[in-house]
Amino acid sequence: MTTQTNTMTAAGKTSVDKTTITEAITEKTATRILSNYIGGRWVAAQASGFLDVTNPASGEVLARVPLSGIAEVEGAVAAASAALPDWRARSVGERTEFIYALREKLRQRIDELATSVTRESGKVLSDARSEITRAIEVIEVACAAPMTMQGRILEGVARGINTETIRQPIGVCAAITPFNFPAMVPMWFLPFAIVCGNTFVLKPSEQVPLTSELMFHIFEEIGLPRGVVNLVHGAHDAVNAILDSPGIRAVSFVGSVNTAKYIYRRAAENGKRVQALGGAKNFMVVMPDAVVDKTVANVLGSAFGNAGQRCMAGSVLVTVGSAQAAIMGKLKEGAEKLIAGDGMNPRVSLGPVISSAACERIHEAIENGMKEGAELLVDGRRPAGVPAGGNFVGPTILNNVKPEMRVCREEIFGPVLSVMHVDTLEQAIALVNNDPRGNGTSIFTENGAAVREYSRRIEVGMVGVNIGVAASPAYFPFSGWKDSFFGDLHVHGWDAVEFFTRKKTVTSRYFSAGETGKFFVEQGDKH
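Here goes a summary of the coordinates provided. All values derive from a computational prediction rather than experimental measurement.

### Let's talk about the overall build of the protein chain
On a plain count of helices and strands, the protein chain comes out with 17 helices and 24 strands. Taken over the C-alpha trace, the protein chain has a radius of gyration of 25 Å; the compact-globule value for 527 residues is 24 Å, and the two agree within 12%. For the protein chain, the C-alpha atoms occupy an extent of roughly 90 × 70 × 40 Å along the three principal directions. Split into buried and exposed, the 527 residues of the protein chain put 55% on the buried side. Look at the contacts in the protein chain between residues 6 or more apart in sequence, and 70% of them connect residues 24 or more apart. Element-wise, carbon and sulfur atoms account for 52% of the exposed surface of the protein chain, whose accessible area totals about 22,000 Å². The averaged location of the 54 negative side-chain charges in the protein chain is 3 Å from the averaged location of its 53 positive side-chain charges.

This is how it looks when you write it as structure tokens:
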């Protein structure tokens, strides 16, 4: 398996050599420039500029990513459009065979993919492996397309008349994906889109493009026809080109609230179907009867897993009544035991945040919380023993946070847990529902009545009961509410097929009674 590697010569010209994918990903060089994948070919971008792709644990430059623009996006859309008629004409069974092959390749390459994820995003290797496993789970659900794409038929809507609804592909689809799950989030969209008969353009985060590059080499290995999937690197210009392109019929996005609003508005104004997942402020409510040790372990994993850089991270802990006295000491002790460092080190509990800018923003949020009166219970601003050059923030706990504080109102997207205390479940519900976002929430209790009341009244799309990260399995929709989601069809589960197909209703009748005659192709048949 080979990839084109562009190396800048002393004269400033580009020469081409060949290297294996694994070497390309691990090569310590600033000169490798990534290519786009358009129409089944790796194509050098005619870019307006380039950005360094760095390892956030060390600052090492891994490659350079081109900032592609309108021309590259429209080239990818043209390739996808050209591939569409043949691809949609293939049987759903044949398309599903490609998805099965993708699943097997990912299972075989899980260690290589996880290493790529860790090196470019910083997360610990065990989390990276879990991410690939989750991506495979989504692909497995997409393999059910021969069942999930089925339509409906009603016989006899009137005398001699039947009506059926069939699902057909929507056309060329695109996804704009974030840095925090470079392997999993693209798989929320791509397998469902193509198995339903669509073609696809992916614009991954410019901060983590290497795992997508590796994925597209795997698409080549399984023999996907040219143009069915296309990869365009870039930033704002590439995003706007996707949103404005008349050839793209559907857009999927994951990112911040403000960007999700922008994506939804601009794409919808251009007549596209849109699903735009925004940010979150996820509350974890601990009741007095919670099982303390297991609750603490779940809270720590939710708040500090992936260095807090996930839209399902539990970033606010709400203790109810006596739960405060029961949990706070062990929570502090557990957080202080977590080790920050390079995600490739098996002893490390949490890796770096994605960039130095993110590191500075998180430090600022912690300091603002303290200025507004929060107690700094655990300080992770300068974790000990971390590699030089990395973007490290250790586990941080701010206690006695109030609803009006910025650390409660704003998404920090880092390893910072804000802790609040209330007297009753009623107060906890009001606190959670007052937040404008509604992605995920958890309640820790053994009281079934409390669970029923919380689950029924809470204005949040995904609820966990004694589960720190309430993300739904791939065969259910990932269903954020309020400012955490813009659109009406969520990602994966049964919503995915709804999003990537459009329904057509066919009403039919035939004027013959089934006898042989002039109405039939087999005219003259005596039988």
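### Notes on the layout of surface pockets
As a volume, the largest pocket reaches approximately 1,100 Å³. Phe-253, Gly-255, Ser-256, Val-257 and Thr-259 are the residues nearest the centre of the largest pocket, which is lined by 38 residues in total. Counting residues per element, the ones that place at least two in the lining of the largest pocket are helix 9 (236-244), strand 12 (248-254), helix 10 (257-269), helix 13 (356-371) and helix 14 (406-409). Among the elements that take part in the lining of the largest pocket, helix 10 stands out by supplying 5 residues, more than any other. Looking at the lining of the largest pocket, its residues break down into 16 nonpolar, 13 polar and 9 charged.

### Observations regarding the pattern of salt bridges
Going through the model one piece at a time under the given rule, you end up with 30 salt bridges. Shared partners join several salt bridges into a network, and the residues in it are Arg-103, Glu-104, Arg-107 and Glu-140.

### Examining the side chain of Ser-245
Here Ser-245 shows up in the loop between helix 9 and strand 12. Among the polar contacts listed, one links the side chain of Ser-245 to the side chain of Glu-74, at a separation of 2.9 Å. Once you skip the residues sitting within four places of it in the chain, Ser-245 turns out to touch Glu-74, Val-77 and Lys-272.

### Notes on helix 16 (residues 448-457)
The α-helix winds at 3.6 residues per turn, so residues separated by three or four positions along the chain end up facing the same way. Among all positions in helix 16, only Ala-450, Val-451 and Tyr-454 are buried. One side of helix 16 holds all its buried residues, which, seen down the axis, span an arc of 100°. Facing away from the buried side of helix 16 by more than 90 degrees, the exposed set consists of Arg-452 and Arg-456. On its buried face, helix 16 is in contact with strand 14 (282-286), helix 15 (425-433), strand 20 (440-444) and strand 21 (462-465). N-cap assignment for helix 16: the residue whose side-chain oxygen lies 2.9 Å from the backbone N of Ala-449 is Asn-447.

Reading guide: rules and limits
Residues numbered from 1 in each chain as written. Predicted model: local features only at pLDDT ≥ 70, side-chain atom pairs only at ≥ 80, totals over all residues. Heavy atoms only, no water. Helix = DSSP H or I, 4+ residues; strand = E, 2+ residues; numbered from the N terminus. Rg over C-alpha atoms; globule rule 2.2 N^0.38 Å. Buried < 20%, exposed > 50% of the residue type's maximum accessible area, 1.4 Å probe, protein only. Contact = heavy atoms within 4.5 Å. Areas by Shrake-Rupley, 256 points an atom, 1.4 Å probe, with all protein chains shown as cover. Lys, Arg positive; Asp, Glu negative; His and termini not counted. Charge placed at Lys NZ, Arg CZ, Asp CG, Glu CD. 1 Å grid on protein atoms, 1.4 Å probe; cavity = no way out; pocket = protein on both sides within 12 Å on 5 of 7 lines; lining within 4 Å. Points joined across faces, edges and corners; volume = space filled by probe spheres on them. Nonpolar A, V, L, I, M, F, W, Y, C, P; charged D, E, K, R; others polar. Salt bridge = Lys/Arg side-chain N within 4 Å of Asp/Glu carboxyl O. Polar contact = N/O pair within 3.5 Å; in protein donor to acceptor, adjacent residues only side chain to side chain. Arc of directions from axis to C-beta.

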